[in-house]
Amino acid sequence: MSRGCKNHYGLMAKDRWDELRELHAQGKGRNAISREMGITNSVVSRTAAHLGLEFDRSKIEAATRARLADLAERRTLLAEQFHDVAEDSLDQIYQPTTVYAFGGKENEFNEHTFDQAPPAERRALVAAAGAATDRSLKLAPPEVSGGADEAKSMLGKLAEGISALVNQGSAEPENGEDE
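Quantities reported herein were computed from a predicted structural model and do not represent experimental measurements.

Trainee: Please provide a residue-by-residue account of the overall build of the protein chain, values included.
Mentor: Regarding its fold elements, the protein chain presents six helices and two strands. Looking at the protein chain residue by residue over its 179 residues, the buried ones come to 17%. The long-range fraction of contacts in the protein chain, counting pairs at least 24 apart against all pairs at least 6 apart in sequence, stands at 48%. Of the accessible surface of the protein chain, which amounts to about 13,800 Å², a share of 53% is contributed by carbon and sulfur atoms.

So, in structure tokens, the structure goes:
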């Protein structure tokens with residue numbers, strides 16, 4: 001157990017409760033109290049709860065929201081970079097491409113420039129574009145529009161129309177006429 005934790009309930013020793021109350025009254029958070037008193041966060045939390053003390057979590061919640069917003073922005077920027085890679089890869093298909101190789105008995109260097117990427121390079125560029133697009137979509141999925149609500153509304157209207165037709169067909173003939 002950490003310093004000052006004397007019982008099996010995980011609370012700090014009673015002789016330190018006033019110190020905890022004082023630090024809490026000063027507006028210090030659980031982590032700051034833990035550091036200052038040399039006691040684990042969990043012991044501070046359990047003892048504070050036992051004493052009926054609560055910590056203001058609004059600052060933590062605001063900081064968490066800010067951190068999540070920052071991460072979302074970074075994912076969006078990274079997704080844009082992947083999207084740029086995909087576009088660049090596809091654009092290279094139609095650019096002059098130099099292909100080279102070492103070969104022959106003398107292991108000579110040979111190169112040839114094509115007006116556009118030859119088939120093997122096209123496949124590699126398309127694969128690179130596809131992989132970059134997949135990663136972009138995983139980082140920043142496209143927003144889903146209200147299409148589901150519109151579809152439900154359309155289906156509801158269609159069901160009403162079918163019911164109306166069924167009801168018209170099952171209605172009794174007018175003027176006692178038989179069908």
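Trainee: With reference to specific residues and values, describe the packing of helix α1 (residues 17-25) against helix α2 (residues 30-37).
Mentor: With their axes 10 Å apart at the nearest point, α1 and α2 run at an angle of 140° to one another. Our classification of the angle between α1 and α2 gives oblique. Viewed along their axes, α1 and α2 form a crossing whose handedness is right-handed. For the pair α1 and α2, contact is made by E19, L20, L23 and H24 and by I33, E36 and M37, respectively. Considered class by class, the residues forming the contact of α1 with α2 number four nonpolar, one polar and two charged.

Trainee: Tell me about the packing of aromatic side chains, and please be specific about residues and values.
Mentor: With the rule as written, the count across this model stands at two aromatic pairs. Between Y100 and F109, the ring centres sit 5.8 Å apart and the planes meet at 35°, which makes this aromatic pair tilted. Residue Y100 is classed as exposed on the basis of its relative accessible area of 56%. For F109, a relative accessible area of 41% corresponds to the partly exposed category.

Trainee: Hey, could you go over helix α5 (residues 119-139) for me, with residue numbers and the actual values?
Mentor: Here α5 spans 30 Å end to end across 21 residues, near enough to the 30 Å set by a 1.5 Å rise per residue. The complete set of buried residues in α5 reads L125, A129, A132 and S136. The arc that holds every buried residue of α5, seen down its axis, measures 70°, which confines them to one face. The exposed set on the far side of α5, more than 90 degrees from its buried face, consists of P119, R123 and K138. Considering only its buried residues, α5 is in contact with α4 (58-92).

Trainee: Provide a residue-level description of the pattern of salt bridges, including the pertinent values.
Mentor: Tallied over the entire structure, the rule returns three salt bridges. Across the pair R21 and D18 runs a salt bridge whose closest N-O atoms are separated by 3.1 Å. You can see R21 and its partner D18 sitting in helix α1, three residues apart, about one turn around the helix. Between E36 and K28 there is a salt bridge, and its shortest N-O distance comes to 2.7 Å. In this structure E36 comes out as partly exposed when scored by relative accessible area, which is 45%. Look at K28 and you get partly exposed, because its relative accessible area is 28%.

About the criteria used
Residues numbered from 1 in each chain as written. Predicted model: local features only at pLDDT ≥ 70, side-chain atom pairs only at ≥ 80, totals over all residues. Heavy atoms only, no water. Helix = DSSP H or I, 4+ residues; strand = E, 2+ residues; numbered from the N terminus. Buried < 20%, exposed > 50% of the residue type's maximum accessible area, 1.4 Å probe, protein only. Contact = heavy atoms within 4.5 Å. Areas by Shrake-Rupley, 256 points an atom, 1.4 Å probe, with all protein chains shown as cover. Axes fitted to C-alpha atoms, helices over the stretch in contact; angles between N-to-C directions. Parallel < 35°, antiparallel > 145°, perpendicular 65-115°, else oblique. Left-handed = near helix turned anticlockwise from the far one by under 90°. Nonpolar A, V, L, I, M, F, W, Y, C, P; charged D, E, K, R; others polar. Phe/Tyr/Trp six-rings, centres within 6.5 Å; stacked < 30°, edge-to-face > 60°. Expected span 1.5 Å × (residues − 1). Arc of directions from axis to C-beta. Salt bridge = Lys/Arg side-chain N within 4 Å of Asp/Glu carboxyl O.

Purely geometric numbers; function is a separate question.
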